[in-house]
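Reading the structure
This is what each chain is made of:
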Amino acid sequence: MRIDVISAIPKLLESPFNHSILQRAQDKGILQVEVHDLRDFGVGKSRQIDDYQYGGGAGMVMMIEPILRCIDHLKAERKYDEVIFLTPDGITFDQSKANYLSLKKNIILLCGHYKGIDERLRKNVITSEISIGDYVLSGGELGAAVVVDAIGRLLPGVLNDETSALTDSFQDGLLAPPVYTRPADFNGWKVPDVLLSGNDRNIEEWRSQKSLERTKKRRPDLF
Ligand code: ADE
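What counts and how
- Residues numbered from 1 in each chain as written.
- Predicted model: local features only at pLDDT ≥ 70, side-chain atom pairs only at ≥ 80, totals over all residues.
- Heavy atoms only, no water.
- Core = buried A, V, L, I, M, F, W, Y, C linked by side-chain atoms within 4.5 Å.
- Buried < 20%, exposed > 50% of the residue type's maximum accessible area, 1.4 Å probe, protein only.
- Helix = DSSP H or I, 4+ residues; strand = E, 2+ residues; numbered from the N terminus.
- Contact = heavy atoms within 4.5 Å.
- Near = heavy atom within 4 Å.
- Polar contact = N/O pair within 3.5 Å; in protein donor to acceptor, adjacent residues only side chain to side chain.
- Areas by Shrake-Rupley, 256 points an atom, 1.4 Å probe, with all protein chains shown as cover.
- Nonpolar A, V, L, I, M, F, W, Y, C, P; charged D, E, K, R; others polar.
- Expected span 1.5 Å × (residues − 1).
- Arc of directions from axis to C-beta.
- Phe/Tyr/Trp six-rings, centres within 6.5 Å; stacked < 30°, edge-to-face > 60°.
- Domains from an automatic or database assignment.
- Patch = residues over 30% accessible without salt bridge, like charges linked within 9 Å, V, L, I, M, F, W, Y side chains within 5 Å.
- Salt bridge = Lys/Arg side-chain N within 4 Å of Asp/Glu carboxyl O.
- Axes fitted to C-alpha atoms, helices over the stretch in contact; angles between N-to-C directions.
- Parallel < 35°, antiparallel > 145°, perpendicular 65-115°, else oblique.
- Left-handed = near helix turned anticlockwise from the far one by under 90°.

Our next topic: the nonpolar core. Counting residues in each nonpolar core, the largest one holds 30 residues, and the members touching the most others are I3, V5, F17, L109 and V147. Only strand 1 (2-7), helix 1 (20-27), strand 5 (82-92), helix 3 (95-102), strand 6 (106-111) and helix 5 (141-152) provide two or more residues apiece to this core. Of all the elements, helix 5 adds the most residues to this core, at 6 residues. L109 has contacts with I3, D4, V5, I6, I84, L86, A144, V147 and V148, leaving out every residue within four places of it along the chain. Listed in part, the 19 residues of the second largest apolar core include F41, C70, F85 and I117.

Our next topic: the site of the ligand. Taken together, the residues surrounding the ligand are L86, T87, P88, I130, S131, I132, G133, Y135, V136, L137, G139 and G140. Here a nitrogen atom of the ligand and a backbone polar atom of T87 are 3.3 Å apart. Coverage of the ligand by the protein chains reaches 97% of its 260 Å² of free accessible surface. The set of elements that each furnish at least two residues to the shell around the ligand consists of strand 5 and strand 7 (128-131). Per-element tally for the shell around the ligand: the top contributor is strand 5, with 3 residues. The residue inventory of the shell around the ligand, partitioned by class, reads 7 nonpolar, 5 polar and no charged.

Let us look at helix 7 (residues 200-218). The end-to-end C-alpha distance of helix 7 is 27 Å, a good match for the 27 Å that 19 residues give at a rise of 1.5 Å each. Residues of helix 7 that are buried include every one of I203, W206, S211 and T215, and no others. For helix 7, the angular spread of buried residues about the axis comes to 160 degrees, placing them on one side. Within helix 7, the exposed residues directed more than 90 degrees away from the buried face are R201, K216 and K217. Those residues of helix 7 that are buried lie in contact with helix 6 (193-196). Among the residues of helix 7, the N-terminal cap falls to N199, whose side-chain oxygen and the backbone nitrogen of R201 are separated by 3.1 Å.

The next thing to look at is the packing of aromatic side chains. For the structure shown, the criterion picks out 1 aromatic pair. On the numbers, 5.5 Å between centres and 45 degrees between planes, the contact of F186 with W189 is tilted. Judged by relative accessible area, which is 43%, F186 ranks as partly exposed.

In this section: helix 5. The terminal C-alpha atoms of helix 5 lie 16 Å apart, and with 12 residues this matches the ideal 16 Å at 1.5 Å per residue to within 8%. In terms of residue burial, helix 5 counts as a mostly covered element, since 9 of its 12 residues are buried. Listed in full, the buried residues belonging to helix 5 are E141, G143, A144, A145, V147, V148, A150, I151 and G152.

Moving on: the domain arrangement of the protein. Entries for the protein in the domain assignment read domain 1 (2-152) and domain 2 (169-222). Computed over C-alpha atoms, the centres of domain 1 and domain 2 are 37 Å apart.

Let's shift gears to the environment of T87. Mapped onto the elements, T87 comes out in strand 5. With a relative accessible area of 10%, T87 lands in the buried category. Sequence separation of T87 and I130 is 43 residues, and the distance between their C-alpha atoms is 6.0 Å. For T87, the contacting residues outside a window of four places in its chain are R122, E129, I130 and S131.

So, about a nonpolar patch on the surface. A grouping of Y135, L137 and L142 is seen on the molecular surface, where their side chains present a nonpolar patch of about 280 Å² in accessible area. Structurally, the position occupied by L142 is in helix 5.

Now for the packing of helix 3 against helix 5. In contact at an axis separation of 8 Å, helix 3 and helix 5 are set at 70 degrees when each is read in the N-to-C sense. Our classification of the angle between helix 3 and helix 5 gives roughly perpendicular. Helix-helix and strand crossings are classified by hand; for helix 3 and helix 5 the assignment is right-handed. For the pair formed by helix 3 and helix 5, the contact residues are A98, L101 and S102 on the first element and V147, A150 and I151 on the second.

Structure follows, in structure tokens:
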């Protein structure tokens, strides 16, 4: 899968894609992430990318031309399944959207800034809009990093243990059960006996039970 990220502050995205699981996914050739500096497509000598808003009011608006130039430049190379705009008024990102996007071949993520992008781009070029939560960030970059991370780890072959993404919280609509590692007794803090029993059926049952309990208590809205 290939993800092209368009950003006015590409430096913000230098690190998140270059460590751990996402780095491994790229090294293995399963995921390709490219960040594009919107300024390279800016207008005029000053490579302008934003302008005052019509009708007045505080805050600049990202212009059509640089964004369209950048998207057209990418589209000349390959076909894209989605052109996604990161914005606080988008549809809230969740696991099912991550699953859905992980099945795509090429997507573009456009990071918003200032007051946002010219509405005509949203109407004519953007295919979907994602918010990562009900709060306002300084720009879409951190949102894009969240989306790339959530998608990247779902791609087949990225996680070492292929089943582990399937047992993540939310994958079956429930939160994940508690987990423990050695030692079995840490100064009197004990691991539940069932997990030491070696009885796979009982362990599976216990985990399902704990998943349900935890979801009921913490996220009753998921039921
Ligand atoms: N840009 C600013 N706030 C955002 C949010 N909550 N999600 C995605 N992009 C954003």
